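Summary of structural features
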Amino acid sequence: KLTLWTLDAHAEEYVRIGARTLDLRVKVDGGMERTLEVRAVANSATGEVEGNTAQFEGRVDWLQGAKDVEGSLKSVILSGRTFTDLRFDWPRGAADGHAH
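Presented here is an overview of the structure given in this document. If you're wondering where the values come from, they're calculated on a predicted model, not measured in any experiment.

This paragraph deals with the pattern of salt bridges. Counted by the stated rule, this structure contains 5 salt bridges. Between D85 and R25 there is a salt bridge, with its nearest N and O atoms 3.1 Å apart. One end of the pair, D85, is in strand β6 (residues 81-90); the other, R25, is in strand β2 (residues 21-28), and 60 residues separate them in sequence. Between R39 and E37 there is a salt bridge; the shortest N-O distance is 3.1 Å. You can call E37 partly exposed: its relative accessible area is 36%. Among the charged side chains, a salt-bridge network with shared partners connects R25, D85 and R87.

The following block contains the structure:
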């Protein structure tokens, strides 16, 4: 399972967005790049619903046992601004060979 949260510029506060799905490009353990769609997650404890949430999840077998994950979010709209090609890696720094 891959979980993604949308956060503010300082990664301090969750930012709810209207998207129901987000498309990621993901590479596991240096293998080929694949596409993963993550879906909005509703949470009754926080009042988040699909279409107004900061949490997204996707489940695929090929993530099982992954040691290094790198990828990018194709596009997302946060607070009225469009951001594209947002990169991530896990563990942090794995993409540059320096885990933190």
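What follows deals with the side chain of S72. Its place among the elements puts S72 in strand β5 (residues 69-78). Side-chain polar atoms of S72 contact the side chain of D85, separated by 3.5 Å. Sequence-distant contacts of S72, defined by excluding residues within four places in its chain, comprise D23, L24, R25, D85, L86, R87 and F88.

Glancing now at the pairing of strand β4 (residues 55-58). Summarising the sheet, strand β1 (residues 2-5) and β4 pair through 4 bridges and their orientation is antiparallel. Bridge pairing in β4 places L2 opposite G58. Direction of pairing for strand β3 (residues 33-40) relative to β4: antiparallel, over a ladder of 2 bridges. Bridge pairing in β4 places R39 opposite E57.

Let's shift gears to the nonpolar core. Core analysis: the biggest nonpolar cluster contains 18 residues, and L2, I17, L22, L24, L36, V38 and F56 have the highest contact counts within it. Put simply, the parts of the chain that give this core at least two residues each are β1, β2, β3 and β5. Residues in contact with I17, not counting those within four places in the same chain, are T6, L22, G51, N52, T53, F56, V76, I77 and L78.

With that out of the way, let us pick up a negative patch on the surface. A cluster of like negative charges, contributed by D29, E33, D68 and E70, occupies part of the molecular surface. Relative to the elements of secondary structure, D29 occurs in the loop between β2 and β3. D29 sits in the partly exposed class, given a relative accessible area of 43%.

Turning next to the layout of surface pockets. Vacant regions in the atomic arrangement are exposed by a probe of water-molecule size rolled over the atoms. Considering only enclosed or pocket space, the largest pocket measures out at about 560 Å³ in volume. Lining the largest pocket are 19 residues, and of these L2, T3, L4, W5 and F88 lie nearest its centre. For the lining of the largest pocket, the secondary structure elements donating two or more residues are β1, β5 and β6. Looking at the lining of the largest pocket element by element, the count peaks at 6 residues for β6. Of the residues contributing to the lining of the largest pocket, the split by class is 14 nonpolar, 2 polar and 3 charged.

What counts and how
- Sequence order as written defines the numbering, with residues in each chain counted from 1.
- Restriction of local features to residues with pLDDT of at least 70 applies here, the model being predicted, together with a cutoff of 80 or more for giving and counting side-chain atom pairs; totals for whole chains, interfaces and linings are based on all residues.
- The side-chain numbers reported here are obtained from all heavy atoms of the structure, hydrogens and water having been left aside.
- Note on definitions: salt bridges are taken to be side-chain nitrogens of Lys or Arg within 4 Å of carboxyl oxygens of Asp or Glu.
- We count a stretch as a helix when DSSP gives it H or I for four or more residues in a row; a strand needs E for two or more, and each element gets its number in order from the N terminus.
- Burial status follows relative accessibility: with a 1.4 Å probe on protein chains alone, a residue under 20% of its type maximum counts as buried, one over 50% as exposed, and anything between as partly exposed.
- Within 3.5 Å is the distance limit for a polar contact, defined as a pair of N or O atoms, with the added protein rule that one can donate a hydrogen and the other accept it, and that residues adjacent in sequence qualify only through two side-chain atoms.
- We call two residues contacting when some pair of their heavy atoms lies within 4.5 Å.
- Two strands qualify as a pair provided that DSSP identifies no fewer than 2 bridges between them.
- Nonpolar core, defined: a set of buried Ala, Val, Leu, Ile, Met, Phe, Trp, Tyr and Cys residues in which side-chain atoms within 4.5 Å join the residues together.
- Patches draw on residues past 30% relative accessible area with no salt bridge. Two like charges within 9 Å are joined, as are two nonpolar side chains (Val, Leu, Ile, Met, Phe, Trp, Tyr) within 5 Å.
- To be clear on the numbers: accessible area is Shrake-Rupley with a 1.4 Å probe, and residue cover counts the displayed protein chains and nothing else.
- Asp and Glu are treated as the negative residues and Lys and Arg as the positive ones, with His and the ends of the chain left uncounted.
- Every charge is mapped to an atom, namely NZ of Lys, CZ of Arg, CG of Asp or CD of Glu.
- Here a cavity denotes a set of grid points, spaced 1 Å apart and computed over the protein atoms alone, in which a 1.4 Å probe fits but from which it cannot get out, and a pocket denotes an open set meeting protein on both sides within 12 Å along at least five of seven lines; residues with an atom within 4 Å of a point are reported as lining.
- Grid points are joined across faces, edges and corners, and a volume is the space filled by probe spheres set on the points.
- For this classification, the nonpolar set comprises Ala, Val, Leu, Ile, Met, Phe, Trp, Tyr, Cys and Pro, the charged set comprises Asp, Glu, Lys and Arg, and every other residue, Gly included, is treated as polar.

So far we have only geometry, and geometry alone does not tell us how the molecule works.
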